[in-house]
Amino acid sequence: MSDSATAAPPATECDATAVVVSPSGRGAVAVVVVDGTDAARLVDACFRPAAARGLAARAVGRIVFGRWTTGDAAGENIGEEVVVCRKSDTQVEVHCHGGAAAVARILDDLAKRGVNVADWRKWRTQSAADPVEAEADIALAAATTERAARVLLDQRHGALRRAVDKAIEALDDGAPDCAAAIVARLLDRYRIGRHLAAPWRVVLAGPPNVGKSSLINRLLGYERAIVFDQPGTTRDVVSATTALDGWAIELSDTAGLRESSDALEQAGVDRARAQIERADLVVLVDVDGETGDRRQEQHSENPLSPVSCLPPSCTLPPSIPALQVLNKSDLRSGDELRAAASTERDLLHTSAKTGQGIAELAAAIVARLVAEPPSPGEAVPFTGRQTQCLERAACALREQRLHDASAGLRGMIDRQWPAPSP
Ligand SMILES: Nc1nc2c(ncn2[C@@H]2O[C@H](COP(=O)(O)OP(=O)(O)OP(=O)(O)O)[C@@H](O)[C@H]2O)c(=O)[nH]1
Ligand SMILES: [Mg+2]
């Protein structure tokens, strides 16, 4: 694309908006959408088709190849090759080279003609008829697995709106209990919905040298963390995101938890604790031996309480769910393992060395995080805004303020409806 200086035509009053809808960063192709009643004419000002006819004269849906010029005499014969398409009477897509300079040039030339250059999320939020549809588009761009994308597509295609409509209908029909049940179910499903565009956080924690780093490497399928036969090897939090059973999960390896007089190791333990506090699930790793004996003691004292391999100063916050893993099972004899299977039924036995029990550990992680996966077409709220609307509706229902409950639910799915008051 040429950088030749050109005198810009005066900016005119214009209702068109240009947004980049391809991801930022380098890519083979970038896509700029021009949206507005004058979109085709504005693009035609800079677009020179390889064939004779300009874009405005082409049928909707027809792909046209040509060059993007500066739109004036000075730049008429230079320019980047682009493909453009009128998507509708008011919308044009420009497909150009994926580098940042090509995109910037197109946006700049359009801006000189009065086009408003905007962030695509803002544009989508303003242009979508339905706020949930816009939120689904934004979340879809952030979804990293097909499974999460499928659930979000269901919401985009109306699953959430239909469930909320049903709750409103129930209220209209004088059945507030039914509406309350729908709202409660939706609020419960947000536990999954909040992780469709952001991964679950799973932290591996436990005493030093039990194989936490080895386990994370096994779960990831590559050597992310340093493994060494010396307690206190891992100091910083080492994280990596993977997909388990189609769900995005960020796994974090942490420093072995023990009381240490070494300031550097203690700093690692503090970081580990902070990571644990933010976790959706902690995988407590231990081995047989000293800590194992303490675990057995705790277990026989109170078989119903979750046992912990952690030193007293490193206790787990009770609100955070935990899975208990005994690693290095390859060092146990077959008889020991069989005996353990009957007495330690709530423990998972793994060997990061042989791979034994790793698939079971991955399945147990998923089962704890997503106990009940959404069925196809099921309504799943997935943004904080949606959940706030549902919480307000639930509160209004509890207080018998049925009109407020109905208004809150309408505000969740209908942009014309005033936002519910807190
Ligand atoms: N036999 C056997 N050895 C293992 C297993 N898992 C890890 N190890 C060994 O145990 C030692 C410690 O492993 P790491 O994964 O570094 O342990 P860690 O819990 O991360 O240790 P810190 O970072 O010090 O807290 C290394 O020598 C590993 O090779 C296992 O399942 N079986
Ligand atoms: Mg380690």
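Every value quoted in this text rests on a predicted model; they were computed, and no experiment measured them.

What follows concerns the pattern of salt bridges. Inspection of the entire model under this criterion finds 25 salt bridges. Among the ionic pairs, Glu135 bridges to Arg385, the shortest N-O distance being 2.5 Å. Separated by 250 residues along the polypeptide, Glu135 in helix H4 (residues 131-142) and Arg385 in helix H13 (residues 384-398) bring together distant segments of the chain. For Glu135, a relative accessible area of 15% puts it in the buried group. By relative accessible area, which is 28% here, Arg385 ends up partly exposed. With a closest N to O distance of 2.5 Å, Asp137 and Arg156 form a salt bridge. Note that Asp137 is positioned in helix H4 and Arg156 in helix H5 (residues 146-156), a separation of 19 residues in sequence. Residue class for Asp137 comes out buried when judged on its relative accessible area of 14%. One network of salt bridges, with partners in common, ties together Arg124, Glu133, Asp137 and Arg156.

Now for the coordination of the magnesium ion (ligand 2). Each angle at a metal carrying four tetrahedral donors should ideally be 109.5 degrees, and each at a metal carrying six octahedral donors should ideally be 90 or 180 degrees. Around the magnesium ion (ligand 2), the protein supplies Ser213 (OG) and Thr234 (OG1) as donor atoms, at distances of 2.0 to 2.1 Å. With Ser213 in helix H8 (residues 212-220) and Thr234 in the loop between H8 and strand S9 (238-244), this pair connects stretches of sequence that are 21 residues apart.

Regular strands place side chains that alternate from one sheet face to the opposite one. Among the seven residues that make up strand S10 (residues 247-253), seven are buried, leaving the element largely enclosed by the rest of the structure. Pairing analysis gives five bridges linking strand S8 (residues 200-205) to S10, with the strands arranged parallel. Following the sheet pairing, Leu204 is matched in S10 by Asp253. Sheet analysis places S9 next to S10, joined by seven bridges and oriented antiparallel. Among the inter-strand pairings, Thr241 is bridged to a residue of S10, identified as Glu250.

Right, let's talk about the site of ligand 1 for a bit. What surrounds ligand 1 is a group of 23 residues, the closest being Lys212, Ser213, Ser214, Gly232 and Asp330. Ser351 places a polar side-chain atom, nitrogen or oxygen, 3.4 Å from an oxygen atom of ligand 1. Compared with its free state, where it exposes 650 Å², ligand 1 has 89% of that area covered by protein. Each residue belonging to the shell around ligand 1 can be placed in one class, and the counts come to seven nonpolar, 11 polar and five charged.

Turning our attention to the nonpolar core. Within the largest apolar cluster, 64 residues are counted, with the highest numbers of intra-cluster contacts made by Leu196, Leu361, Ile365 and Leu409. Shared between two domains, this core takes at least three residues from each, and those domains are domain 2 (131-190 + 380-413) and domain 3 (200-369). Beyond its immediate chain neighbours, meaning those up to four positions away, Leu409 contacts Val164, Ala167, Ile168, Leu171, Val183, Leu390 and Ala393. Counting 25 residues, the second largest nonpolar core, distinct from the first, contains Ala16, Val34, Val84 and Ile106.

Across the sheet, which stays open at both edges, the six strands sit in the order S9-S10-S8-S11-S12-S13 with mixed pairing between neighbours. Sheet topology places S9 and strand S13 (347-349) at the edges, where each strand pairs with a single neighbour. Strand-to-strand twist in this sheet, taken as the mean axis angle between neighbours without regard to direction, amounts to 30°. With respect to the sheet, helix H9 (residues 263-277) is in contact with S8, S9, S10 and strand S11 (281-286), its orientation differing from that of S8 by roughly 140°.

As summarised here, the arrangement of the seven strands in space is S3-S4-S5-S6-S2-S1-S7, forming an open sheet in which the pairing is mixed. Each edge of the open sheet is held by one strand with a lone partner, namely strand S3 (47-49) and strand S7 (116-117). As paired elements, strand S1 (residues 17-20) and S7 share two bridges and run parallel to each other. Directly across from Ala18, in S7, lies its bridge partner Val117. Along the sheet, helix H3 (residues 120-127) contacts S1, strand S2 (29-35) and strand S6 (91-97); its crossing angle with S1, the most-contacted strand, is approximately 125°.

The next thing to look at is the packing of H13 against helix H14 (residues 402-413). A pair of packed helices is characterised by two quantities: the angle between their axes and the separation of those axes. Relative orientation of the contacting elements H13 and H14 amounts to 170°, with a least axis distance of 8 Å. It follows that H13 is roughly antiparallel to H14 by the angle criterion. In this structure, H13 uses Arg385, Gln386, Cys389, Leu390, Ala393, Ala396 and Leu397 to contact H14, whose residues at the interface are Leu402, Asp404, Ala405, Gly408, Leu409, Gly411 and Met412. Broken down by class, the residue content of the contact of H13 with H14 amounts to nine nonpolar, three polar and two charged.

Procedures and definitions
Throughout this document, residue positions are counted from 1 along each chain, in the order its sequence is written. Following the order in which they are written, the chains are lettered starting with A and the ligands numbered starting with 1. Under the rules for a predicted model, residues below a pLDDT of 70 receive no local features and side-chain atom pairs below 80 are neither given nor counted, while totals for whole chains, interfaces and linings still include all residues. With hydrogens and water excluded, all non-hydrogen atoms of the structure serve as input to the side-chain values. Each salt bridge in this description consists of a side-chain nitrogen of Lys or Arg and a carboxyl oxygen of Asp or Glu lying within 4 Å of one another. Helix and strand assignments come from DSSP, with helices taken as H or I runs of at least 4 residues and strands as E runs of at least 2, each series counted from the N terminus. Only protein chains enter the accessibility calculation, which uses a 1.4 Å probe; a residue is then buried when its area is under 20% of its type maximum, exposed when over 50%, and partly exposed in between. Only nitrogen, oxygen and sulfur atoms within 2.8 Å of the metal, or 3.2 Å for Na, K and Ca, are treated as donors, and water is left out, so sites may look incomplete. Two strands pair if DSSP finds at least two bridges between them. Near, as used in this document, describes a residue that has one of its heavy atoms within 4 Å of the molecule or strand being considered. Counting of polar contacts relies on pairs of N or O atoms within 3.5 Å, with two restrictions inside protein: one atom must be capable of donating a hydrogen and the other of accepting it, and residues adjacent in sequence are counted only when both atoms are side-chain atoms. For the accessible areas, the method is Shrake-Rupley and the probe is 1.4 Å, while residue cover comes only from the protein chains on display. Lys, Arg, Asp and Glu make up the charged group, whereas Ala, Val, Leu, Ile, Met, Phe, Trp, Tyr, Cys and Pro make up the nonpolar group; the residues left over, Gly among them, are polar. Remark: nonpolar core denotes a set of buried residues (Ala, Val, Leu, Ile, Met, Phe, Trp, Tyr, Cys) joined through side-chain atoms within 4.5 Å. Boundaries of every domain are those given by an automatic assignment or by a domain database. Any pair of residues with heavy atoms lying within 4.5 Å of one another is described as a contacting pair. To get an axis, a line is fitted to the C-alpha atoms, and for a helix only the part in contact is used. The angle between two axes follows their N-to-C directions and goes from 0 to 180 degrees. The scheme is simple: roughly parallel for angles under 35 degrees, roughly antiparallel for over 145, roughly perpendicular for 65 to 115, oblique for anything else.

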